[in-house]
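Observations on the three-dimensional arrangement
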Amino acid sequence: MREGYEVVYKRPKSLIETRMHYCPGCFHGTVHKLLMEVLDEMEIVEKTIGVCPVGCSVFAYDYMNVDMQEAAHGRAAAVATAISRLHPDKYVFSYQGDGDLAAIGTAETIHACNRGENIVFIFINNGIYGMTGGQMAPTTLKGQITTTSPHGRDPINAGMPLKMSEIVSGFDGVAYVERVSCNTAGNARKTKKALEKAMKISEQKIGTSFIEVISNCPSGWKCTPVQSLDWIKDEQIPYFPLGVIKEPGK
Amino acid sequence: MGEIRFMKGNEALAEAAIRAGMQGYFGYPITPQSEIVEYLAMQEPNHDYVLVHAESEVASINMLYGGAGAGSRVMTTTSSPGFSLMQEGVSYIACAELPCVIANISRGGPGLGTIQASQGDYFQAVKGGGHGDYNLIVLAPNSVQEMVDHTIMAFELADKYNTPALILTDGAIGQMMEKVVLPEPIEYKPNKPWATTGKTKDRERNYITSLYIKSEDMEQKNFKLQAKYKEIKENEVRFESYKIDDAEIIIVSYGVSSRTSKKVVDLAREKGIKVGLLRPITLWPFPTEEIARLSKLDSTKFFLSVEMSVGQMVEDVKLNVEGRKPVYMYGRTGGIMMTPEEILEYAVKKYEEG
Ligand SMILES: Cc1ncc(C[n+]2csc(CCOP(=O)(O)OP(=O)(O)O)c2C)c(N)n1
Ligand code: SF4
Ligand SMILES: [Mg+2]
């Protein structure tokens, strides 16, 4: 390193040094980094067990230097439930995409939240099935073009995009729900704060935390990473407004 | 000697799981196995195990995956339609090589079928059931006592081979009451250094996965699984023989129908016809060598597979008889219990046909 310089934006210790398979500009990598920063700073790596889904983040265990289990498509909440119940003193997070958490795995998500499992859900809402090549997700916006909604999502056929954060915030078992994004540096910092808050709530064992990250998929959206940021600002955030939806004591 | 009780098969299985040191149970009600989850729910305050009444069998099998991966002794139980629903998860568990116990107290199908006892899940149990190349260790208790013994054995075998063990029995064994001797509780101390229990500083991270995206890696994984299955086949075949030595007719039967078949053996011998019974205790690994051996004896005239299905296990009998002797099948479905007399009548008819 050059003398007199200091690295201020660095790889967190627990983010494994390897080349990620994510597409350029994809938020999966960003959220992985923020999550590992939080675990490192809170010094809870030894006490954390993660669950990754089927979706683009299926390989998360190649990047996160924590004990992890790769769950069947949609079943991360069930896998995390068992881990958390059998290891009540551990922090358990479940990192899932929108197809995973809000389509095939809706039942598991709803019931784990309703039971108030001590799980931190990190819900990557990119409005699309990234891994399988860009099909419509339950969160795809009205009119949005995907490979299975080539004429745009039609609510008559497909319903309106599912607002999972609002749904789970209605359960007594859920302690904390916040919707965040990583489309600006400021929002990324807020995402990190939300993750940290969720881990602290997990320590108190007062219920489920649910962090929805409004994310992108430049490859599936067929745009550049920069254009994807505009789409998030102009289209996604107006429908999925950012902010705290529920928090303890309120 | 252990404690003697008069118990239902399902409750005996549940009690045995507790005594085997089970740490987590995940299940969903379905007749004729609901007594298992009910019994465990009733007993929960007296023990240390975790019990989750899951939202579906899909959830319970994936909870089983999570719990097993996190290093605990875990079990789920169900009946036929529920076992069908679990198959994706069972395949993941087999591939990830996670030790755990599943019980299928089976009922009549296909479809919603009937809640009466059946043996129509043989194929699903021994031929894999879910996707890909894998096998489960399959134990087939035929008494309430064996519900106890096999539950404990299932936990032990699962841990020994890091593989799921299935108890396949039927609603009749699950529902009947008999005297049982219960063993002393086992003090179970898990020794699973590969489990996800939190990455301590002195080791690399542990991860549980069934993903082998590169073809070469997937094939290597399959080689590894097959080597393990070969070892299980070599070491773990279990069966019971009854009056088999001089038998001309060899009945092959398991679970509840093996009890009826035993009666057939005695009735036939009263008439002077030499019938014997081979009862597979492990359906997988199947007693292949014993069947082959018996098929080579001059005294053996034919085999008769007796099962509550239209004929599933009979295929495995044929595979090992390899055409040396005729192989017949007698079965009823829909939960209809066969009488010894009707089986005997069929056997005698075949015997007289020569
Ligand atoms: C049972 C099952 N059905 C379908 C699939 C195929 N599949 C893999 S990933 C995926 C969608 C993933 O989308 P999402 O959860 O939104 O994750 P992303 O890739 O967008 O991060 C699908 C349908 C599968 N692996 N298993
Ligand atoms: S396909 Fe989409 S979600 Fe998947 S890595 Fe690429 S940009 Fe990210
Ligand atoms: Mg997605």
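Below is a summary of the structure that appears in this document. Remember, it's a predicted structure, so these values are computed and weren't measured experimentally. (Residues numbered from 1 in each chain as written. Chains lettered and ligands numbered in written order. Predicted model: local features only at pLDDT ≥ 70, side-chain atom pairs only at ≥ 80, totals over all residues. Heavy atoms only, no water.)

1. A word on the nonpolar core
All names here are of chain B.
- Of all hydrophobic cores here, the largest spans 139 residues; its most connected members are Leu-40 and Met-75.
- Looking at which element gives the most residues to this core, the answer is helix 7 (residues 144-161), with 10 residues.
- Setting aside chain neighbours within four positions, we find Met-75 in contact with Leu-13, Ala-17, Met-22, Gly-24, Tyr-25, Phe-26, Ile-36, Leu-40, Leu-64, Val-101 and Phe-155. (Core = buried A, V, L, I, M, F, W, Y, C linked by side-chain atoms within 4.5 Å. Buried < 20%, exposed > 50% of the residue type's maximum accessible area, 1.4 Å probe, protein only. Helix = DSSP H or I, 4+ residues; strand = E, 2+ residues; numbered from the N terminus. Contact = heavy atoms within 4.5 Å.)

2. A few points about the pairing of strand 3 (residues 50-53) of chain B
Residue and element names in this part refer to chain B.
- The pairing of strand 2 (residues 24-27) with strand 3 spans four bridges and is parallel. Following the sheet pairing, Tyr-25 is matched in strand 3 by Leu-51.
- In terms of handedness, the path from strand 2 via helix 2 (residues 34-43) over to strand 3 forms a crossover that is right-handed. (Pairing = 2+ DSSP bridges. Right-handed = clockwise from strand over helix to strand, strands pointing away.)

3. A look at the site of ligand 1
- As a matter of local geometry, ligand 1 sits amid 17 residues, with Cys56(A), Asp98(A), Gly99(A), Asp100(A) and Gly130(A) nearest to it.
- Proximal residues around ligand 1 fall on chains A and B, making this an inter-chain site.
- With respect to ligand 1, the side chain of Asp98(A) contributes an N or O atom lying 2.4 Å from an oxygen atom.
- A distance of 2.9 Å is found between an oxygen atom of ligand 1 and a backbone nitrogen or oxygen belonging to Gly99(A).
- In the complex, 77% of the free accessible area of ligand 1, which totals 590 Å², lies under the protein chains.
- Contributing elements (two or more residues each) for the shell around ligand 1: helix 3 (98-104) and strand 5 (128-129) of chain A.
- Broken down by class, the residue content of the shell around ligand 1 amounts to six nonpolar, eight polar and three charged. (Near = heavy atom within 4 Å. Polar contact = N/O pair within 3.5 Å; in protein donor to acceptor, adjacent residues only side chain to side chain. Areas by Shrake-Rupley, 256 points an atom, 1.4 Å probe, with all protein chains shown as cover. Nonpolar A, V, L, I, M, F, W, Y, C, P; charged D, E, K, R; others polar.)

4. Examining the coordination of the magnesium ion (ligand 3)
Residue and element names in this part refer to chain A.
- At this site the magnesium ion (ligand 3) is bound by Asp-98 (OD), Asn-126 (OD1) and Ile-128 (O), with donor distances of 2.1 to 2.2 Å.
- In primary-sequence terms, the residues that donate to the magnesium ion (ligand 3) follow D-x27-N-x1-I. Residue Asp-98 is located in helix 3, and its partner Asn-126 is located in the loop between strand 4 (120-125) and strand 5; the two are separated by 28 residues in the primary sequence.
- Classification of Asp-98 by relative accessible area gives buried; the value is 2%.
- The exposure class of Asn-126 is buried, given its relative accessible area of 7%. (Donors = N, O, S within 2.8 Å, 3.2 Å for Na, K, Ca; no water.)

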